[in-house]
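A structural walkthrough
The lines below spell out each chain.
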Amino acid sequence: MNRAVKQYYVYIMTNASHRLYVGVTSDLERRVRQHQSGEVPGFTSRYHLHRLGYYEVTDDIKGAIDREKQIKAWRREKKVALLESQNPGWRDLSEDW
């Protein structure tokens, strides 16, 4: 029996003011929609972080959590450089879903 490999995502949500939020999830589309709808109270709904600016994928949950913690510990400039390395225009990567 072939079991599908579970994927985990480390992601950065942002807004028009370029405020940043780093998170981890096993279902990126569902989680982004929750942020966009304001369904989850807290930082992302308070600051209207509705744009998916960056994400990376792994099949290792521990690695994903460690990576999230690593990125969260970075200075803002390093987080911005990471986002801009793959998304220089700060486009909402979820807009085509």
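See the structure above.
Residues numbered from 1 in each chain as written. Predicted model: local features only at pLDDT ≥ 70, side-chain atom pairs only at ≥ 80, totals over all residues. Heavy atoms only, no water.

**Examining the side chain of Lys79**
Locating Lys79 in the fold gives a position in helix α4 (residues 76–86). Despite being buried, Lys79 has no salt bridge partner; Glu77 is the closest side chain of opposite charge, sitting 9.1 Å away. Setting aside residues up to four positions removed in sequence, Lys79 forms contacts with Ile12, Leu20, Val22, Ile71, Lys72 and Trp74. (Helix = DSSP H or I, 4+ residues; strand = E, 2+ residues; numbered from the N terminus. Buried < 20%, exposed > 50% of the residue type's maximum accessible area, 1.4 Å probe, protein only. Lys, Arg positive; Asp, Glu negative; His and termini not counted. Salt bridge = Lys/Arg side-chain N within 4 Å of Asp/Glu carboxyl O. Contact = heavy atoms within 4.5 Å.)

**Focus: the environment of Ala16**
Mapped onto the secondary structure, Ala16 falls in the loop between β1 (8–14) and β2 (20–25). Of the residues examined, Ala16 reaches a relative accessible area of 62% and is grouped as exposed. Sequence separation of Ala16 and Tyr47 is 31 residues, and the distance between their C-alpha atoms is 9.9 Å.

**Here we look at the nonpolar core**
With 13 residues, the main nonpolar core has Ile12, Leu20, Ile71, Leu82 and Leu83 as its most contacted residues. Mapped by element, the contributors of at least two residues to this core are β1, β2, α3 (61–73) and α4. Residues contacting Leu82, with those up to four places away along its chain left out, are Ile12, Tyr54, Arg67, Ile71 and Trp74. (Core = buried A, V, L, I, M, F, W, Y, C linked by side-chain atoms within 4.5 Å.)

**Notes on the sheet that holds β1**
Strands pair in a sheet through their backbones, by hydrogen bonds, and they do so in one of two ways: parallel or antiparallel. The strand order β2-β1-β3 describes an open sheet built from three strands, whose pairing is antiparallel. In the strand order of this sheet, the two ends are held by β2 and β3 (51–58), each with one partner. The average undirected angle you get between the axes of adjacent strands in this sheet is 20°. Examined bridge by bridge, β1 and β3 share seven bridges and lie antiparallel to one another. (Pairing = 2+ DSSP bridges. Axes fitted to C-alpha atoms, helices over the stretch in contact; angles between N-to-C directions.)

**Side note on α3**
Taking 1.5 Å of rise per residue, the 13 residues of α3 would be expected to cover 18 Å, and the 18 Å separating its terminal C-alpha atoms lies within 8% of that figure. Regarding α3, the residues found buried are Ala64, Glu68 and Ile71. Buried residues of α3 fall within an arc of 70° about the axis and therefore sit on the same side. α3 presents Lys62, Lys69 and Ala73 as exposed residues on the side facing more than 90 degrees away from its buried surface. Elements in contact with the buried residues of α3: β1, β2, β3 and α4. Sitting at the amino-terminal end of α3 is Asp60, which places a side-chain oxygen 3.4 Å from the backbone nitrogen of Lys62. (Expected span 1.5 Å × (residues − 1). Arc of directions from axis to C-beta. Polar contact = N/O pair within 3.5 Å; in protein donor to acceptor, adjacent residues only side chain to side chain.)

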